[in-house]
Amino acid sequence: MRLFSTIRWFSTTLGAALALAPAPALPQAQQEITIWSCKDKDGRTHVTNLREDTTGKNCKVVQQSRVQVVPAVTPAAKPPTAFPREDAQTRASAKARQRDILEKELAQEEQALDLARKELVEQESVRYGDERNYARVLERLQKYRDAVELHEKNIDSLRRELSNLNR
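Just so you know, these numbers come straight off a predicted model, no measurement behind them.

Asks: Hey, could you go over the state of the cysteines for me, with residue numbers and the actual values?
Replies: Enumeration over the complete set of coordinates arrives at one disulfide. There is a disulfide in this structure between Cys38 and Cys59, and the S-S distance comes to 2.0 Å. Looking down the S-S bond of the Cys38 and Cys59 bridge, the torsion is 115 degrees, so its handedness is right-handed. Here Cys59 lies in strand S3 (residues 58-69) and Cys38 lies in strand S1 (residues 29-39), a separation of 21 residues in the sequence.

Next comes the structure, spelled out in structure tokens:
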């Protein structure tokens, strides 16, 4: 009977001790931060947080607080296998769609270039009565030349993109 009561006392005491003990936590650091405002013998005011700077000066505590520093918990990174994969068939169909779109745009730009060149030739053959000065003719034709140049640059860019698809 005595043995049974001793075991029961030990188990209840141990259980109570474990219940009152704090759970193991992350390592934490506690730090006290104090800020002093000090006047030296010349009357100048200095503000410091270093205790050794307060010696020999008339200092008053401006702020005092305890700061508890807890290390950041980094979330577990996803393994690289979790990223979505693209198979060869999906990639090939995407390239084919892209090639079709680029070829359609190239055809449209070539048609727009032909139209812009025709308009430029047409405007170069016309001379209005108020354009006695050749600078005015050049000024009027400049927007047509700019349109031709823009379409030529677009065609070059589309051809470059099409050639990059073959890589």
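Asks: An account of the environment of Lys118 is requested, with residue identities and associated values reported.
Replies: With respect to the helices and strands, Lys118 occurs in helix H2 (residues 88-125). When the C-alpha positions of Lys118 and Tyr144 are compared, they lie 9.6 Å apart, and in sequence the two are 26 residues distant.

Asks: With reference to specific residues and values, describe the nonpolar core.
Replies: In this structure, Leu102, Leu106, Leu113, Ala116, Leu120, Tyr144, Val148, Ile155, Leu158, Leu162 and Leu165 together form the largest nonpolar core, which totals eleven residues. Residue contributions to this core peak at six residues, all from helix H3 (residues 134-165).

Procedures and definitions
Residues numbered from 1 in each chain as written. Predicted model: local features only at pLDDT ≥ 70, side-chain atom pairs only at ≥ 80, totals over all residues. Heavy atoms only, no water. Disulfide = S-S within 2.5 Å. Helix = DSSP H or I, 4+ residues; strand = E, 2+ residues; numbered from the N terminus. Core = buried A, V, L, I, M, F, W, Y, C linked by side-chain atoms within 4.5 Å. Buried < 20%, exposed > 50% of the residue type's maximum accessible area, 1.4 Å probe, protein only.

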